[in-house]
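Each chain, letter by letter, is given below.
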Amino acid sequence: DAKTTQPPSMDCAEGRAANLPCNHSTISGNEYVYWYRQIHSQGPQYIIHGLKNNETNEMASLIITEDRKSSTLILPHATLRDTAVYYCIVRVRGNNDMRFGAGTRLTVKP
Amino acid sequence: DSGVTQTPKHLITATGQRVTLRCSPRSGDLSVYWYQQSLDQGLQFLIQYYNGEERAKGNILERFSAQQFPDLHSELNLSSLELGDSALYFCASNHPRGTPDTDTQYFGPGTRLTVL
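To start, this report covers the structure provided alongside it. (Residues numbered from 1 in each chain as written. Chains lettered and ligands numbered in written order. Predicted model: local features only at pLDDT ≥ 70, side-chain atom pairs only at ≥ 80, totals over all residues. Heavy atoms only, no water.)

As a further point, take the overall build of chain A. Helix and strand content of chain A: zero helices and nine strands. In chain A, the order of α-helices and β-strands from amino to carboxyl end is β-β-β-β-β-β-β-β-β. Viewed in the frame of its principal axes, chain A has a C-alpha envelope of about 40 × 30 × 25 Å. A burial count over chain A gives 45% of its 110 residues as buried. The long-range fraction of contacts in chain A, counting pairs at least 24 apart against all pairs at least 6 apart in sequence, stands at 57%. Summed over all atoms, the accessible surface of chain A reaches about 5600 Å², with 47% contributed by carbon and sulfur. Across chain A, the mean location of the 12 positive side-chain charges is 3 Å away from that of the 10 negative side-chain charges. (Helix = DSSP H or I, 4+ residues; strand = E, 2+ residues; numbered from the N terminus. Buried < 20%, exposed > 50% of the residue type's maximum accessible area, 1.4 Å probe, protein only. Contact = heavy atoms within 4.5 Å. Areas by Shrake-Rupley, 256 points an atom, 1.4 Å probe, with all protein chains shown as cover. Lys, Arg positive; Asp, Glu negative; His and termini not counted. Charge placed at Lys NZ, Arg CZ, Asp CG, Glu CD.)

In structure tokens:
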């Protein structure tokens, strides 16, 4: 699975959009980009995933660059409850393990 | 709520002891995964079971073992416990029987193990 690089921490004002970047320059054609978050010590929560097209669901949007070497997770209107560690994971579907890196610690401030 | 349940929520035990952690996957999911999260190592994949059979192994110690039962729940057994085994243990599930699968893993709330 390709390696990912994320900033260790970010701040965002409540009500504003949070844009979390992820670099995955060695991604291969059959690897998907997955995003999870972990609030405090709770179980990781699935957010969204995509292959090459932009994706949107009720939680977030995922923007993947055309060359697929980076992506951005967008939380459109961040709330205090979105404070968490966000993990970007690149993997081939069907691979058994999820390889979590250090992630980005997002702090949403009032 | 992911639909994955884990018991117990907290477990405190002494070095050298043996414990069993339990995981019930989402209804109908055939695969169960176990992960360990310690302070210095992040989330690490331990082992996967699919419909009762071991499918993949990660960084699982020989002192640790797991199994998946016919009702698809799984147990992770940790023996000869050491201080360094103190961690959060998560299970995840996917591969719903008979329905299209996005291969997304859904995680339980975890068991916090403290070894004194």
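Turning next to the environment of Ser80 of chain B. All names here are of chain B. Among the secondary structure elements, Ser80 is positioned in the loop between β8 (74–78) and β9 (87–96). By relative accessible area, which is 42% here, Ser80 ends up partly exposed. For the pair Ser80 and Leu46, spaced 34 residues apart in sequence, the C-alpha to C-alpha distance is 17 Å. Ignoring sequence-local partners within four residues, the contact set of Ser80 consists of Gly16, Gln17, Arg63 and Asp85.

What follows concerns the pairing of strand β7 (residues 70–75) of chain A. Residue and element names in this part refer to chain A. The pairing of strand β2 (residues 18–23) with β7 spans six bridges and is classified as antiparallel. Along β7, the bridge assignment pairs Asn23 with Ser70. Relative to β7, strand β6 (residues 61–64) runs antiparallel, the two being bridged by four bridges. Each residue of the ladder has a partner; that of Ile64, found in β7, is Ser71. (Pairing = 2+ DSSP bridges.)

We now examine the sheet that holds strand β3 (residues 31–38) of chain A. Residues and elements named next belong to chain A. In space, the five strands of this open sheet follow the order β1-β9-β8-β3-β4, with mixed pairing throughout. Looking at which strands have only one partner, the edges of the open sheet turn out to be β1 (9–13) and β4 (45–50). Neighbour-to-neighbour, the strand axes of this sheet turn through a mean angle of 25°, independent of strand direction. In the sheet, β1 pairs with strand β9 (residues 104–109) via five bridges, with the strands oriented parallel. The partner of Cys12 across the bridge, within β9, is Val108. (Axes fitted to C-alpha atoms, helices over the stretch in contact; angles between N-to-C directions.)

Bringing the environment of Gly103 of chain A into the picture now. All names here are of chain A. Position of Gly103 among the secondary structure elements: in the loop between β8 (84–92) and β9. Using a relative accessible area of 8% as the deciding quantity, one classes Gly103 as buried. Sequence separation of Gly103 and Val85 is 18 residues, and the distance between their C-alpha atoms is 6.0 Å. The contact partners of Gly103, leaving out residues within four places of it in the chain, are Gln6, Pro7, Pro8, Val85, Tyr86 and Tyr87.

Before going further, it helps to examine the interface of chain A and chain B. If you look at the interface, chain A gives 18 residues, while chain B gives 20 residues. Across the chain A/chain B interface, buried area totals approximately 1400 Å², and carbon plus sulfur atoms make up 51% of it. Here chain A is connected to chain B by four residue pairs in polar contact (both at pLDDT 80 or more). Those elements that place two or more of their residues in the side of chain A that touches chain B are β3, β4 and β8 of chain A. If you tally residues by element for the side of chain A that touches chain B, the top one is β3 of chain A, at three residues. (Buried area = accessible area lost by both parts, 1.4 Å probe. Polar contact = N/O pair within 3.5 Å; in protein donor to acceptor, adjacent residues only side chain to side chain.)

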